[in-house]
Structures are given as structure tokens and as C-alpha cells.
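Each chain, letter by letter, is given below.
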Amino acid sequence: MANIQTPNAVRGTQDIIGEAQESFAHVVQTFERISRYYGFEAVQVPVIEQTSVFARSLGESTDVVSKEMYSFEDRGGDSITLRPEFTAGISRAFLTNGWQQHAPMKLSGHGPLFRYERPQKGRYRQFHQIDAEIIGAAEPLADAELLIMADQLLRELKISDGVILNLNTLGDANSRDAWRLALIDYFQSHKDTLSKESLDRLERNPLRILDSKSADDQKICEDAPVIDDYLTPEAQDFFAQVTSALDAAKISWTRNASLVRGLDYYRHTAFEFITDRLGAQGTVLGGGRYDGLIENLGGAATPAVGWAAGIERLAMLIDTPNKTGPDTILIPLGDAAQTAAIAILSDIRRHHISADMAYKGNMKKRMQKANAKNAKSVIIMGDDELERGEVSLKNLSSGQQESIAIENIIAALQKL
Ligand code: ATP
Ligand code: MG
């Protein structure tokens, strides 16, 4: 045989099957179901966008744009980027399709995202998110509604224990600017102890020092100026309306005054649901208000708020749902039986009953296979029995076996 080296999977990507896939699918299905209760409309946006869609909206100095994007020049010479997040692409779609006429729009979606990060548990280069956005709503109730929906999702996934909603406000543009100046002053006076990365942030985006993962930086951040001292009365009022709506809905939350999000576009509400069960990768869901983003993309000022959650991280936290096996497995014994089994199998499936066929090996092997697949029943078909127009149906949970006429198979299976 020629000496061909089998290619490896790309670093930071995963092939998902079995229990991990069951959990993954359960997260997506639960999200889709709950989005419907809240009146969200499903949307699909492209995996690729013009690089400027992300560069302009996320902020040039963010980690995602400066270090993590998968960007390439396509054959036509355009700079294209594999989406690192949903919000910018959905906002672009809102503008290019003239969805302003439908505002406020509640949109939800899920799919793969790409970031060139150092792969580790809970952190991949291709990962997946569920995402919910309300575009064209300036009211704090929109923020609250999204948070209430996120809370319900985590509850229904049965992972809300130990997950805490960390809530902050970044204020309006005036509050944020005043706070920013105070932070620059403060961090300037700690220049010699800041990490190299944070020194760089000090030049470009000082708020993000608060998001630093370095322990030394975090210590300095403990005494940094807090947004509360700079909030305008309007911004205070906005935040108070969000929190009183949460209290009314009995959502527990904790104020985290140093919570800033990794991307530049946030205003007012910023939040993360954080668990202590995933080590350093503890943020399972995050988001906030991004009133300035659509303007940065060249649209009219449009208030908006949204969140996203990593499907893999949620899937790691949930108990794998019980895998349901097929309703039945056909075991034909003999050549004639096998041909008859194909006809019966097709008929069963056309009645929306799940079924498979075990046609290899001795009887014992085939029964083992049916048990391993967690089938509810097996249909054993011997040539003699078939000649009489009958098969044997065995209920695998009760162990009961009975002979039934072929024309009664569907009815018998529907009763199981
Ligand atoms: P982190 O601080 O963990 O890097 P982030 O602020 O970059 O997170 P967001 O951009 O807010 O994350 O994305 C929202 C969610 O998507 C995160 O809370 C996390 O669950 C998930 N996520 C982000 N990056 C990755 C990744 N590389 N692999 C797996 N999940 C991820
Ligand atoms: Mg990140």
C-alpha cells in the first residue's frame, strides 16, 4: 500500500458523536423551543462575511479582531472572515435587507463560529453558539426579557444551580466616556505593574483591562474607579428599570461593577451567566446592549440588545438525555425472510415508527445488537412463520413474545 499519511483534524476542532452529540442537540432543541415562547423568529446568516463587518463593529483593538479572526483573501481578492460571533452578521443582515420596517425584531439563531484561540477544555477554534437578539428596541424591558429568557433556558437545561447572573451597566455614551478617562488616569499610575497586554490596552481600550485574565492585573483592578460614580441620571434610571423588571420576574442576579465584555460595542446593560463548574471557562452565556453597533456599520442609530451562549460549554454541564432507541428491530432468519423484511421495514418507517434491521450473525448476536441499540421490541421473522403470514413480536422490556399477522404489525407497534 502506498505510504499515505492520514490528515489530522484541524487543531481546535471537534468531531461530535454519541453522548456529546445528544447533549449538543438537546441544548439546541431546548433553545429553539424556548425562543418560540418568547416570540423570536429564527434567522440564518452566512458563515462568511466581508472582514469589515466584524472589524468595524467589534472594534479593531478587541482580542477577537486583533488576534482571533480567521480572515483570508478569496479568489476575487475580497477580504473574507469566518464569523467569530453572530451579532455583527445579524446587524449587517438587518441593514442590507431593510428590516428596519419590521423593528423591533426578535431574532434567534445557532451555528458554528471560528476563533483562532489556544485550544483547551471548553475553548475551541470552531465552536457553536445559540444566539438571541432584539433589534430596534430602546426600552430596558427588552434587556430584561432577554435575561428572563436566558434564565429560563438554563433552568430548563437543569444547570441553573451554581450559575450566577453577573450584571453591570456601562452607562450611556457620556457615562462611559467619563469613566474611561478616570480609568486611564488610574491605570497610568499603575503602569509599572500592569501586564504587557494591559499596557497595550491602556493605549487602545482601557476598559478592557478590567477584562484581563492576569491575576496581577485583576488585583490592580480591585481598586479601579467604578462606573457608578460616573453614571448620568438617565443611565442610572435605565439600569434601575432593568433590575426592577428582573426582580419582578424573580430572577436572582448579582451586581458585578467590573464586568465589561470583550467587544467594544456594548452600552448600558452588560451581563454574563457564570458557573464555578468549568474552571477558567466559566462564562456560559453573555451579552448586553449594543446601541452603537448598527451606526458603526453605516446604518441609522438603532438600539439593540442580545446574548449568546456556547453550546459546547452548556452541553458539558447538562446530564446527557436518555438516548431513545428505535421502536423495533427486524430480525429476518433466512433468504426469503430478508426480502420480506425489506418490505415490512419500509412500511413501518412510512408510518413514522423508527425501525432498523439486524441481518448479520447468528440469532444471539442479533439479539445482542437490538439490546445494545436500546430497541423497544424486535420482530423475529422465520421463513416458516412467514409462509403462514405471521411474525413474532417480542417486547424487550417485558420479555413477552407473541405471534402476530403481518398486516397487524403497524397497529401492534403503535400500541407499544
Ligand atoms: P471568553 O471570555 O471565555 O473568551 P468571550 O467573552 O470571548 O468568552 P463571547 O464572545 O461573549 O465570549 O461568546 C459568548 C459565549 O461563547 C461564551 O460565554 C462561551 O460560552 C462561548 N465561547 C466563546 N469563545 C469560545 C471558544 N473559543 N470555544 C468555545 N466556546 C466559546
Ligand atoms: Mg474570548
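Just so you know, these numbers come straight off a predicted model, no measurement behind them. (Residues numbered from 1 in each chain as written. Chains lettered and ligands numbered in written order. Predicted model: local features only at pLDDT ≥ 70, side-chain atom pairs only at ≥ 80, totals over all residues. Heavy atoms only, no water.)

Time to look at unusual backbone geometry. Going from A103 to P104, the amide bond is cis rather than trans, its omega being -5 degrees. Although it is not a glycine, K158 adopts a positive phi angle of roughly 60 degrees. Here K158 lies in the loop between α5 (140–156) and β7 (163–169). The backbone of H352 shows a phi angle near 60 degrees, a positive value even though the residue is not glycine. Mapped onto the fold, H352 is located in the loop between α12 (335–350) and β13 (355–357). Judged by its relative accessible area of 75%, H352 falls in the exposed class. (Helix = DSSP H or I, 4+ residues; strand = E, 2+ residues; numbered from the N terminus. Buried < 20%, exposed > 50% of the residue type's maximum accessible area, 1.4 Å probe, protein only.)

Taken together, V47, I48 and F72 make up a surface patch of nonpolar side chains, about 230 Å² in accessible area. Mapped onto the secondary structure, I48 falls in strand β2 (residues 48–50). I48 gets classed as partly exposed once you look at its relative accessible area, which sits at 45%. (Patch = residues over 30% accessible without salt bridge, like charges linked within 9 Å, V, L, I, M, F, W, Y side chains within 5 Å. Areas by Shrake-Rupley, 256 points an atom, 1.4 Å probe, with all protein chains shown as cover. Salt bridge = Lys/Arg side-chain N within 4 Å of Asp/Glu carboxyl O.)

Residues separated by three or four positions in an α-helix point in the same direction, a consequence of the helix having 3.6 residues per turn. Restricting attention to buried positions, one finds in helix α13 (residues 363–372) the residues R366, M367 and A370. Within α13, the buried residues cover an arc of 100 degrees as seen down the axis, which keeps them to one side. Looking at α13, the residues exposed on the side facing more than 90 degrees away from the buried face are K364, K365 and A372. In the core, the buried residues of α13 are packed alongside β12 (328–333), β14 (377–382) and β15 (390–395). Among the residues trailing α13, N374 stands out with phi positive, at a value near 65 degrees. (Arc of directions from axis to C-beta. Contact = heavy atoms within 4.5 Å.)

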